[in-house]
Structures are given as structure tokens and as C-alpha cells.
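Residue strings, one per chain:
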Amino acid sequence: MAEHGTDEPSSSTGSPDGEGRDSGDRLLLHQRLAVRELIDTEASYLHMLQLCASDIRSRLQQLPQGDLDVLFSNIDDVIEVNSKFLHDLQETASREDEQVHSIGNLFLEFQEELERVYKVYCASYDQALLLVETYRKEPELQREIQGIIEAAVPQAGPSGLSFLLVIPLQRITKYPLLLQKILENTDPDASAYPVLQRAASALQDVNANINEYKRRKEVASKYTKVGQLTLRERLARINTHTLSKKTTRLSQLLKQEAGLVPRTEDKEFDYLEERLHWVSLCVTETKNNVAVYLANLEAFLRFRPQESELDIPGGPVVQYCSLMGDLQLQAFPDFKQRLEDLVWQPLCSLAKALSGPQNLVKKRLDKLLDFERVEEKLLEVGSVTYEEQEARHTYQALNSLLVAELPQLNQLAMRWLGQILHTFVDLQRDLAKQVLQRAEGSLAQLPHHHLSEPAFRELVEDVLGQTGHQLRSFQENFEKVLPPPTVQLLLPGAERQVQALLSRYGPEKLYQVTSNISGAGTLDLTLLRGQIVALLQNKDTKGNSSRWLVDTGGHRGYVPAGKLELYRVIPGQEEVKEQVQPPKDSHHLTPEPSPAPVPSVPTVTQVEQELSILKKWVCMCWEKTDGEKWACPGAIFPGPLGVATAGRACCLPAVQKTEVSLDASSFLVPRRVVEKPSWAVPHGLGPTFGSFLPGCVF
């Protein structure tokens, strides 16, 4: 029995327990190999990034700095994040039993940082490739670049820059695969298994978010470039497809305005859009003010009184000329140059940077109309075409991008504008210090130079207080004897427009522009000083009472309320308005009989002879001869042509006399000669009167 027992084969290798142990050992071995691959490839990847950032980028000095910024993008941020990640990854080796669990938690911890830096790099990758293609068209430059890359990274081969630029994209897409490999070699019952599952899913989400961000950037870049096209390029893009899209959008907009279909509301975006509008308005106004300041400064520098003959004897004049000459030659020109470099140029750059987002906001409205139409069709039919689905996705991508980035843009723009204004104040302060330092020798001649600064401030406040009291007293006395209000002159040829607005809206709605207005927005009007407009609404669609909706008689739009004042209608204009209203029951003015005797008129032969001499139609303006009669001026025709009773007037078409009842003052206007018969439109009366008096033109 004993011998038989010793001859039995060992059961340790053939039992199920033995096979399980062997399988577990193989699984653990493969898991450790996968972890080692992750750590080793991460170290090699980081080394390659550092080569690109330090060695290769520093040697490509023949390329413009702008090109280098595009090529290498935010590679420094990528290096910073991956350096921390590799350090923590290597530290997991010290905890061998929990290493896999720690790796899963580490990926979850770095999920947001990896997405933040890699989405920026991936979004600029296509633009970097376009630069690489342009370098290949220049053989000499391409050889220099290729030599630098092969010296630093021999394995790059003929691909050169393309080989290096694609490495970060390959790495971020490989993380889910490496985690999946570790997960496949991990026991499902192990505590690290669910953590690795979450990590692999998180890295897949990171890649999906990067792709979506890249797509949004491509959409934004596309429509930003469209906004920068010239008029010729825009016209070249017009075809039947674009016309069809614009017609459909216009139809959708009209349906919304008519209340036939609901309008999509997005309060979050509306708030961000309003903030962007105000930021852009602040930048535009500041830019305009700085431009005026620079123009005034330029005019001041051209004025040099110290070079003129000052007929004032004494030392102060010599000191003044010396001081002003010094300031004009150095201090003021230096200040102007610094102002242009540190204030004007940044302002222009900020205004240019805001133009792109403004174009995207306008384009979003078009895409929103497309989106609403597709949603409406989807509810009715249940399906849409591929092109309509793409339009739907385009709006969603554009809207998501704007909602995500407009808050940062508004914040950065306001901070940028604030720094510019602080710089402007600092430049003014530095200029004041320089002037005071240079004028230190002349300050002793000032009347209050012996006073301390607090005492001088108190003196200035007292003087200003007394002056303010005098101004208030003068204002109170002036208002008691205030002269009649002055009426600002109208623009040439604006009388008919004023009469049309007056007859349509009434005098209480008419306003006059006090200074030139340059419209900045889409619905803003550009008006000249003195132009008359009619008020439609004393606030805009967002309730802003500083922008009024007005009618110019031809266009409607918004203007700043502070640049409008109530137009004082001349009494004669209101009287004319009442006179020119046609009767409701007739289209022609019926001549009224006059009790006063009608004076005789020249014979038919005389009138025909005079008309044959002039060969023109003439309209006559009446001049008063006495309290009852109005006569034709003899300067038009030789000899007296007759008189008419006050309140009546006549014109002579051909040889026939016509009388109509009018206010005689209506005809006290410049007379004109016309080549052929026409309908009369008396000066200042408007077109409604012209259908009653043939033969005259004013």
C-alpha cells in the first residue's frame, strides 16, 4: 500500500485549484506589464514634449513668433499637467498591493485638468498643419526645419514637424486603451475593478468632449472668417441655396413677429449677449474718446507760442519760453508716443478681438431660426433630412460654445479695458510729475507758492465755493429774464420732411438732434446735427430708457436719448399744417366766390405775346400793395398783370386765369420758371396741396 501510494502522481498541478492559481498568476503578470507600459510610455511621452518645447522651439527662430505660438500652442500647459501626473503615477509603485486602485483614482483626479489643456491643443492642431503645409512650399525653409528636427529627434524621419505635433493627440486618445488593458487583466471581484471602469469611462468622456470642443471651434472659426469677407467675396458666395436659406429664415422671423409660432427664449444667453453689447459699447466709446484726445493733443503740439515774438518784457517770459520749449520737444511728444503704444493700440486690439464674438452672436440668430424650423418640422413629421439635422447640430454647437465662453470673454474684456484706463491715468500722472519737476524753478513766482498743500487745497475749495455760489445766483437771475428759446436751424431741404412728420405724429412727438450721431449697432441710426425725428418709443426692447426708437421719415432705429431735444415748431408751420389738410368729401379744391371786386387782367393777346417771348411757364408770387389787394410783381411780365383780393391768388396757365382761395402768405416764396406745365407744390406746404394749382412749381 505504501509503495502504491508513493507511485501516485502529484495532484497539485492537475487539480482545479492549481489551474486557478496559474490563471491568477498570469492575470496578475499581464496586469503588471500593462501598468509598466503605462508608466514607461508616459515618461517617454513627457520627454518628447520637453524636447519640443525647449530644444526644437528655441532653434526655430527663423519662424515668426506668431507661427511658433500656433505650432506649439499651449504645450507648456500640457507639460505642466503631465509632469504632475507622471510624478503621482510613479509614486503608485510604492503601494504595490493598491497600485491599480491608485492608478484608477489618479485618472479620475486628473480628468478635468487633462481635458482643459488637451482641448486647447487639439483645437489649434488643424491650423498648425496648415502652417506646416506652407513651409513645405518653401524648399530652403523646409530643409532648415527638417535638419533641426532630425538632429533632436532622429526617429521623426521625413514627417518632421507633423510627427511631433500629432504626439499629444495620440497620447490623449491612448489613455482609455491603456486603462482598458489594465481592466481586462484585473479580477472582476477585485476592489480596483469598479474604479478602473469609472476611470476608463471618464477618459472616453474626455476624448468625446475634446472632439465636441474642436467641432465648436471649427464652426466658430468658419463663421468668424465669413464675417471678415469683403463685399465682393460676399457677393460671390450668393447662390440659389443661400437665397433659399435666407428666405426661409425671413419667413420664420415674420411668423414669430406675427405670433404664429413661438420664439425660443434663452435667458442665460440673452443676459450674456447684453453684457457683450455693453462691453463692446464701452470699448467703442472709449476708443472714440481717446481718438479725440489724441487729435487735440496733436493740435496742441502744433501750437508753439514760445516761438513767437511776445511783446512782454521781463524774466518770466524768458522762463516761460524755455519751459514750454523743453516740454514741447521732449515731455509732450514722449507722452503722446506712450499714449499711442500703451492705450490706443491695446484699445484697437480689444475692439478687433470683440468683433469675432459679435459676428458669432449675429450668426447664432440665423442658426436659431434654422433650429426652430427644424424642431417644428420634427414635431409635425417626426423626421428630418441629413442637412436639417446638421443645421440643428450646428446651432447647438454654436450656442453651447457662446454660453460657455461669453462669461470669460466679458470678464477678460472688462479687465483689459480697466487696465487700459488705469494705464491712461498713470500716464497722465507721470506727465504731471514731469511738468512739475521741469517747472520747479518757475513755481516760486506763483502767487500762492508759500502755502502748504492742505492750505492750498482749502484755498481752492473756498474759491470754487464762492464761484459756484455766484454761478447759481447768476442762473437764478438769468432764468427770470430768460430770452425766448432759440430754434436750431434745419438742415437744407428738410422742410418737407418736417411737415410730413408733423402731419403724421404731431408737434409733441418731434425731436431735434443736438449733435452728430454715429450708429454703432445694427439697429442704430446715423444722424446729423439739426435733423428732425419723430419719437416712437422712449425705450428699447430690453427696457433701456437711454435708447429711443425714432422715425426719420425714411428709416426707423435707435438713437441715444441724451442727444435729442424737443423740437419747437414754428407757429407758421402749425398753421400751414392746418391749411394743407384736404377736405374729406372732395379731391379737388372748389374756388370760393369772393365779395371783393376782381380787378381786370391783361388781354389774351398781351399774355400770349409775353408767353411767346419767355417760352416758359411762370408761377408768380404775390406782393402786397395795400390792405386789401395783392398784385403780381411787374418784374416777371412787362406791365401790370392785375391784382387779386387778399386771400386769393392766381396763376396763368397758357392764357386762362384761375383763382383759388389761399392764405396770401403761402405764396411769399421764391418764384421759379419751369419748362412745361406741372402741378404746384408750394414751398413749405407739402405734397397734399399740389393737386389744386396747375401751372406752378416751387
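- Under the annotation held in an unreviewed UniProt entry, the protein chain carries the name Rho guanine nucleotide exchange factor 37 isoform X1 and is attributed to Acinonyx jubatus.

1. Focus: the pattern of salt bridges
Next up, step 1: Scanning the entire structure with this criterion turns up 23 salt bridges.
Next up, step 2: E133 serves as the salt-bridge partner of R136, at 3.0 Å between the closest nitrogen and oxygen. Of the two residues, R136 and E133 both sit in helix 7 (residues 125-136), three residues apart, roughly one turn of that helix.
Next up, step 3: Of the charged contacts, one joins E388 and K377 as a salt bridge, the two residues approaching to 3.0 Å between their closest N and O atoms. Residue E388 is located in helix 16 (residues 386-438), and its partner K377 is located in helix 15 (residues 315-381); the two are separated by 11 residues in the primary sequence.
Next up, step 4: Exposure remark for E388: the relative accessible area of 12% places this residue in the buried category.

2. Re the packing of aromatic side chains
Next up, step 1: Inspection of every chain in the model, using the stated rule, returns nine aromatic pairs.
Next up, step 2: Aromatic side chains F85 and F110 sit 5.4 Å apart centroid to centroid with 75 degrees between the ring planes, which places their arrangement in the edge-to-face category. Of this pair, F85 sits in helix 4 (residues 75-91) while F110 sits in the loop between helix 5 (99-109) and helix 6 (111-123), and the two are 25 residues apart along the sequence.
Next up, step 3: When the ring centre of Y213 is taken as origin, the NZ or CZ atom of K119, which lies over that ring, is 4.8 Å away.
Next up, step 4: Residue placement shows R547 over the ring face of Y558; its charged tip is 4.6 Å from the ring centre.

3. What about the sheet that holds strand 1 (residues 510-513)?
Next up, step 1: If you trace the five strands from one edge of the open sheet to the other, you get 4-3-2-1-5, paired in antiparallel fashion. Two strands close off the open sheet at either side, each with one partner strand: strand 4 (556-560) and strand 5 (564-566). Geometrically, the sheet is characterised by an average inter-axis angle of 50 degrees between neighbouring strands, direction not taken into account.
Next up, step 2: Pairing geometry for strand 2 (residues 532-537) and strand 3 (residues 547-551), over three bridges, is antiparallel. Paired with L535 across the bridge in strand 3 is V550.
Next up, step 3: The sheet strands contacting helix 18 (residues 495-505) are strand 1, strand 2, strand 3 and strand 4, and the helix crosses strand 2 at an angle near 30 degrees.

4. Here we look at the confidence of the model for the protein chain
Close inspection of predicted coordinates is inappropriate for parts of the model with low pLDDT.
Next up, step 1: The predicted model of the protein chain averages 75 in pLDDT, with 71% of residues at 70 or higher.
Next up, step 2: Low pLDDT (under 50) marks residues 1-13, which in the prediction has two contacts with non-local residues, meaning those over four places away or in another chain.
Next up, step 3: Within the model, the stretch residues 574-698 combines pLDDT values under 50 with 189 contacts to residues more than four positions away or in other chains.

5. Quick look at the pairing of strand 3
Walk down a regular strand and you will see the side chains alternate between the two sheet faces.
Next up, step 1: Burial of strand 3 is extensive: five of the five residues sit out of reach of the surface.
Next up, step 2: Alternating positions in strand 3 separate into two faces, R547, L549 and D551 on one and W548 and V550 on the other, with burial throughout.
Next up, step 3: Counted between consecutive antiparallel strands, the loop separating strand 3 from strand 4 contains four residues, among which G553 sits at a positive phi close to 100 degrees.

6. Some points on unusual backbone geometry
Next up, step 1: In this structure, S73 is a non-glycine residue whose phi angle is positive, near 45 degrees.
Next up, step 2: Within the secondary structure layout, S73 lies in the loop between helix 3 (65-72) and helix 4.

What counts, and where the lines are drawn
Residues numbered from 1 in each chain as written. Predicted model: local features only at pLDDT ≥ 70, side-chain atom pairs only at ≥ 80, totals over all residues. Heavy atoms only, no water. Salt bridge = Lys/Arg side-chain N within 4 Å of Asp/Glu carboxyl O. Helix = DSSP H or I, 4+ residues; strand = E, 2+ residues; numbered from the N terminus. Buried < 20%, exposed > 50% of the residue type's maximum accessible area, 1.4 Å probe, protein only. Phe/Tyr/Trp six-rings, centres within 6.5 Å; stacked < 30°, edge-to-face > 60°. Lys NZ or Arg CZ within 6 Å of the ring centre and 35° of its normal. Pairing = 2+ DSSP bridges. Axes fitted to C-alpha atoms, helices over the stretch in contact; angles between N-to-C directions. Contact = heavy atoms within 4.5 Å. pLDDT = per-residue confidence, 0-100.

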